[in-house]
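Below are the chains, spelled out letter by letter.
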Amino acid sequence: MTPDELARAAAKGDIDAFETLLGLYQNKVYGLALRMCGSEEDAWDVAQEAFLAAWRALPGFRGESGFSTWLYRLTANAAIDCLRREKKRRGELSIEGGELPLSLPDAGPSPQEAAEGGELRAAVNAALARLTDQHRTVLILRELQELSYEEIAGALSLDLGTVKSRISRARKALRKILLEDGNLSGYLPSKDTEQSGRGARRP
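The structure contained in this document is the topic of the report that follows. Think of each chain on its own: its residues are numbered from 1, step by step along the sequence as written. In keeping with the predicted nature of the model, local features appear solely for residues at pLDDT of at least 70, side-chain atom pairs appear and are counted solely at 80 or more, and the whole-chain, interface and lining totals rest on all residues. Derived side-chain values reflect all non-hydrogen atoms in the structure, with water molecules and hydrogen atoms excluded from consideration.

Numbering of helices and strands runs from the N terminus; a helix is a DSSP stretch of H or I covering at least four residues, while a strand is a stretch of E covering at least two. The helix and strand tally for the chain stands at eight helices and zero strands. In the chain, the order of α-helices and β-strands from amino to carboxyl end is α-α-α-α-α-α-α-α. The 203 residues of the chain split such that 43% are buried. Any two residues whose heavy atoms approach within 4.5 Å are treated as being in contact. Sequence-distant contacts, at least 24 apart, represent 62% of the contacts inside the chain between residues at least 6 apart. For the area figures, the Shrake-Rupley method with a 1.4 Å probe applies, and any residue is considered shielded solely by the protein chains shown. As displayed, the chain offers around 11,000 Å² of accessible surface, 49% of which is attributable to carbon and sulfur atoms. Each residue's exposure class comes from its accessible area (1.4 Å probe, protein chains only) as a fraction of the maximum for that residue type: buried when under 20%, exposed when over 50%, partly exposed otherwise.

Below is the structure:
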């Protein structure tokens, strides 16, 4: 069964179908939550909240945007709510350890390259943490989760034009922070490389 078929079965009360979906998506949901929240504890809470919300809302799932996109929307919303609670509690956005987990390509670097790569990861992580919730969310969904513009629009309930402009502003904001801090500014491309990533990357 496809994920959408499993979702429709789960919507009718099939617990086994929902458990199968849980197995298929729990790592992706947790990974997205971790990248957005920066804290493992918060990420687990967000993942559980997203799946609980999915179970409760499944009877109304119609499959217009696909189950994965729908689940990403629930996860992103739960993560944003979590960050807002943390802001209110601490008075400012606090990312545990000052870093967001970000994986860069590993091509067997030399010790010097490894050190430089570590510095770049730390710089990008710190810069991501300083972005607004909206900008960080679209950038993570696009660059790390590799969702298409259409998928992001569906996940965040935004129109396509808003998604494109928000991603563009997020990239500029990230570059500006990296430049101001004296770090490499070219981590993210100025425009999408349309034929990179997951095969022919959809705009």
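The rest of the description comes next.
Moving on, we come to the layout of surface pockets. Cavities and pockets were defined on a 1 Å grid built over protein atoms only: a cavity is a set of grid points that admits a 1.4 Å probe from which the probe cannot escape, a pocket is an open set flanked by protein on both sides within 12 Å along at least five of seven lines, and lining residues are those with an atom within 4 Å of any such point. Grid points are joined across faces, edges and corners, and a volume is the space filled by probe spheres set on the points. Taken as a whole, the second largest pocket encloses approximately 190 Å³ of empty space. Lining of the second largest pocket is provided by Asn-77, Ile-80, Asp-81, Arg-84, Asp-133, Gln-134, Thr-137, Leu-156, Leu-158 and Arg-166. Contributing elements (two or more residues each) for the lining of the second largest pocket: helix 4 (67-90) and helix 6 (133-144). If you tally residues by element for the lining of the second largest pocket, the top one is helix 4, at four residues. Following the grouping adopted for this structure description, the nonpolar residues are Ala, Val, Leu, Ile, Met, Phe, Trp, Tyr, Cys and Pro, the charged ones are Asp, Glu, Lys and Arg, and the polar ones are all others, Gly among them. Across the lining of the second largest pocket, the residue classes break down as three nonpolar, three polar and four charged. Segmentation of the chain into domains, including their bounds, is taken from an automatic or database domain assignment. Residues lining the lining of the second largest pocket come from more than one domain, with at least three contributed by each of domain 1 (1-90) and domain 2 (111-186).

A few words now on the pattern of salt bridges. We define a salt bridge as a side-chain nitrogen of Lys or Arg found within 4 Å of a carboxyl oxygen belonging to Asp or Glu. Counting across every chain of the model gives two salt bridges. Across the salt bridge formed by Arg-136 and Asp-133, the nearest N and O atoms sit 3.1 Å from each other. Pair noted here: Arg-136 and Asp-133 are both in helix 6, with a separation of three residues, about one helical turn. Judged by its relative accessible area of 1%, Arg-136 is buried.

Along the chain, the position of Asp-14 falls in the loop between helix 1 (3-11) and helix 2 (15-37). Given a relative accessible area of 34%, Asp-14 falls into the partly exposed group. At 3.1 Å, the side chain of Asp-14 and the backbone nitrogen of Asp-16 are in polar contact. We define a polar contact as two N or O atoms separated by no more than 3.5 Å, with the added condition that, inside protein, one atom must be a possible hydrogen donor and the other a possible acceptor, whereas residues neighbouring each other in sequence contribute only through side-chain atom pairs.

The next thing to look at is the nonpolar core. Nonpolar cores are built from buried Ala, Val, Leu, Ile, Met, Phe, Trp, Tyr and Cys residues. Side-chain atoms within 4.5 Å join them into one set. Counting 36 residues, the largest nonpolar core has Met-36, Val-46, Ile-152 and Leu-174 as the members making the most contacts within it. Secondary structure elements with two or more residues in this core: helix 2, helix 3 (40-57), helix 4, helix 5 (111-130), helix 6, helix 7 (149-156) and helix 8 (160-180).

In this section: unusual backbone geometry. With glycine set apart, most residues show a phi of negative sign, and most peptide bonds adopt trans. The backbone phi angle of Ser-157 is positive, close to 55°, even though this residue is not glycine. Within the secondary structure, Ser-157 sits in the loop between helix 7 and helix 8. Since its relative accessible area comes to 54%, Ser-157 is described here as exposed.

Here we come to the packing of helix 1 against helix 2. The convention used is that axes are lines fitted to C-alpha atoms, helices contributing only their stretch in contact, and that angles between N-to-C directions extend from 0 to 180 degrees. For the pair helix 1 and helix 2, interaxial distance at closest approach is 8 Å and the crossing angle is 140°. Regarding the angle of helix 1 to helix 2, the classification is oblique. With respect to the hand of their crossing, helix 1 and helix 2 are arranged in left-handed fashion. On the side of helix 1, the interface is formed by Pro-3, Leu-6, Ala-7, Ala-9 and Ala-10, while helix 2 contributes Ala-17, Phe-18, Thr-20, Leu-21, Leu-24 and Tyr-25. Broken down by class, the residue content of the contact of helix 1 with helix 2 amounts to ten nonpolar, one polar and no charged. Roughly parallel means an angle under 35 degrees; roughly antiparallel means over 145; roughly perpendicular covers 65 to 115; every other angle is labelled oblique. Crossings are assigned a handedness: left-handed for a near helix turned anticlockwise from the far helix by less than a right angle, right-handed for a clockwise turn.

Whether two aromatic rings pair depends on their centres lying within 6.5 Å, for rings of Phe, Tyr and Trp, where Trp uses its six-membered ring; planes under 30 degrees apart make the pair stacked, over 60 edge-to-face, and the rest tilted. All chains considered together, the criterion is met by six aromatic pairs. Where Phe-61 meets Trp-70, the ring centres are 5.1 Å apart and the plane angle is 50°; that geometry is what we call tilted. With respect to burial, Phe-61 and Trp-70 carry one shared label: buried. Feature note: the residues Tyr-25, Phe-61, Phe-67 and Trp-70 constitute an aromatic cluster, connected by ring pairs. Note on geometry: a ring has a charge over it if NZ (lysine) or CZ (arginine) is within 6 Å of the ring centre and within 35 degrees of the ring normal. Sitting over the face of the ring of Tyr-149, Arg-142 holds its NZ or CZ atom 4.2 Å from the ring centroid.

Moving on: the side chain of Arg-142. One can find Arg-142 in helix 6. The class of Arg-142 is buried, set by a relative accessible area of 0%. Of the polar contacts made by the side chain of Arg-142, one reaches the backbone oxygen of Leu-147; its length is 3.0 Å.

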